[in-house]
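# Structural description and commentary
What follows is the residue order along each chain.
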Amino acid sequence: MTEQLRLMAVHAHPDDESSKGAATMAKYVSEGVDVLVVTCTGGERGSILNPKLQGDAYIEEHIHEVRAREMAEAREILGVKQEWLGFVDSGLPEGDPLPPLPEGCFALQDVEEAAERLVRSIRAFRPHVVTTYDENGGYPHPDHIMTHRITMVAFDAAGDADRYPDAGEPWQPLKLYYNQGFNRPRTLALHEAMLERGLESPYGEWLKRWEEFQRPERTLTTYVPCADFFEVRDKALIAHATQIDPDGGWFKVPMELQKEVWPTEEYELAKSLVDTSLPEDDLFAGIRDN
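Residues numbered from 1 in each chain as written. Predicted model: local features only at pLDDT ≥ 70, side-chain atom pairs only at ≥ 80, totals over all residues. Heavy atoms only, no water.

## Quick word on empty space enclosed by the protein
Test applied: For cavity detection a 1 Å grid was placed over the protein atoms alone, and a set of points counts as a cavity when a 1.4 Å probe fits there but cannot get out; an open set counts as a pocket when protein lies on both sides within 12 Å along at least five of seven lines, with lining residues being those that have an atom within 4 Å of a point. Grid points are joined across faces, edges and corners, and a volume is the space filled by probe spheres set on the points. Starting at the N terminus, helices and strands are each numbered in turn, a helix being any DSSP run of H or I of at least four residues and a strand any DSSP run of E of at least two. Gly is placed with the polar residues, together with every amino acid not listed as nonpolar (Ala, Val, Leu, Ile, Met, Phe, Trp, Tyr, Cys and Pro) or charged (Asp, Glu, Lys and Arg).
Going through the model one piece at a time under the given rule, you end up with 1 cavity of 30 Å³ or more. Lining the largest cavity are Leu-7, Ala-9, His-11, Lys-20, Gly-21, Thr-24, Met-25, Thr-131, Asn-179, Tyr-267 and Leu-283. Among the elements of the structure, β1 (6–11) and α2 (22–30) are those that each provide at least two residues to the lining of the largest cavity. By residue class, the composition of the lining of the largest cavity is 5 nonpolar, 5 polar and 1 charged.

## Remarks on unusual backbone geometry
The peptide bond linking Leu-278 to Pro-279 adopts the cis configuration, its omega dihedral lying at 0 degrees. With respect to the secondary-structure elements, Pro-279 resides in the segment after β7 (264–272). Positioned with a positive phi, Arg-126 is a non-glycine residue whose angle comes to about 60 degrees. On the secondary structure map, Arg-126 appears in the loop between α5 (111–125) and β4 (129–132). Backbone geometry at Tyr-164 places phi at a positive 50 degrees, although glycine is not the residue there. One can find Tyr-164 in the loop between α6 (142–157) and β5 (175–179).

## Digging into the layout of surface pockets
Approximately 1,600 Å³ is the volume found for the largest pocket. Every residue lining the largest pocket is counted, 45 residues in all, and those nearest its centre are Lys-20, Gly-138, Tyr-139, Pro-140 and Phe-182. Residue assignment for the lining of the largest pocket shows that the elements contributing at least two residues are α1 (16–19), α7 (184–196) and α8 (204–213). Looking at the lining of the largest pocket residue by residue, the classes come out as 14 nonpolar, 17 polar and 14 charged. Empty space within the second largest pocket amounts to approximately 360 Å³.

## Quick word on the packing of α7 against α8
Stated formally: The axes used here are C-alpha line fits, helices contributing only the stretch in contact, and every angle between their N-to-C directions lies in the interval 0 to 180 degrees. Every angle not falling under 35 degrees, over 145, or within 65 to 115 is termed oblique; those three ranges are roughly parallel, roughly antiparallel and roughly perpendicular. A crossing counts as left-handed when the near helix is turned anticlockwise from the far one by less than a right angle, and as right-handed when that turn is clockwise. By the convention used here, residues are in contact when the closest approach between their heavy atoms is within 4.5 Å.
Contact geometry of α7 with α8 gives a least axis separation of 10 Å together with a crossing angle of 140 degrees. Compared by their axis directions, α7 and α8 come out oblique. In this structure, the crossing between α7 and α8 has a hand that is left-handed. Contacts between α7 and α8 pair Arg-184, Thr-187, Leu-188 and His-191 from the former with Gly-204, Trp-206, Leu-207, Trp-210 and Glu-211 from the latter. The residue makeup of the contact of α7 with α8, split by class, is 4 nonpolar, 3 polar and 2 charged.

Geometry only, nothing functional implied.
Written out as structure tokens, the structure is:
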């Protein structure tokens, strides 16, 4: 394949791109791949999760602007392009029973109508590969689930001239992946490696919850070697200061241990219009050779 390869990563909120597949994106950028992050919402209903910034009146009042600046910094660190779809964050409803979602939010949009914005982005950028979340959203945040839904519609519709005829020249991406970086084999491997070295693991509670909820194992099809870019990933994560505590659980596993024990990021191949053999070590497997 002679033309430049293009990868589009569709995410729900600013910070998702840095916690899911960031090292993969940085690796591909270093190889000359054109990478675009599409962020569906502004994250304006996200809680301030970094305890060092909680109670800051300016941040609370200007959270939309603050998170946009954080996204700009992370984008520069990763070397990716980025665009906003402009939907309004739905927030994460809590309580029993759950409260209704806010009027006008992303998760309450009509899926077919909302997908048009993403179709426009796909037709303009012309990605060969698209990544997003599985049908559970990776975790059941309404915006993550909605991101999955519009991406599935847009992936199929973007190449069909009869659908969304006013959204640009048709373009059909060739592969669609689900991010599966938070998988049980990786978590267990890092947990056991920490314990073997006499270190306190941050994953004990995670593994207990996996057992309690009996979450079915996803099929991991693609392991992208990207350990050389784990530091870039962490730097991009820390740029999202309202969401990420630099002294928190994200960073408890020593970098050298991560690189030794689990040097890849994982994906689940959901759709492919090219021949490929599993498992893969490249999101562009079957495309580079055509």
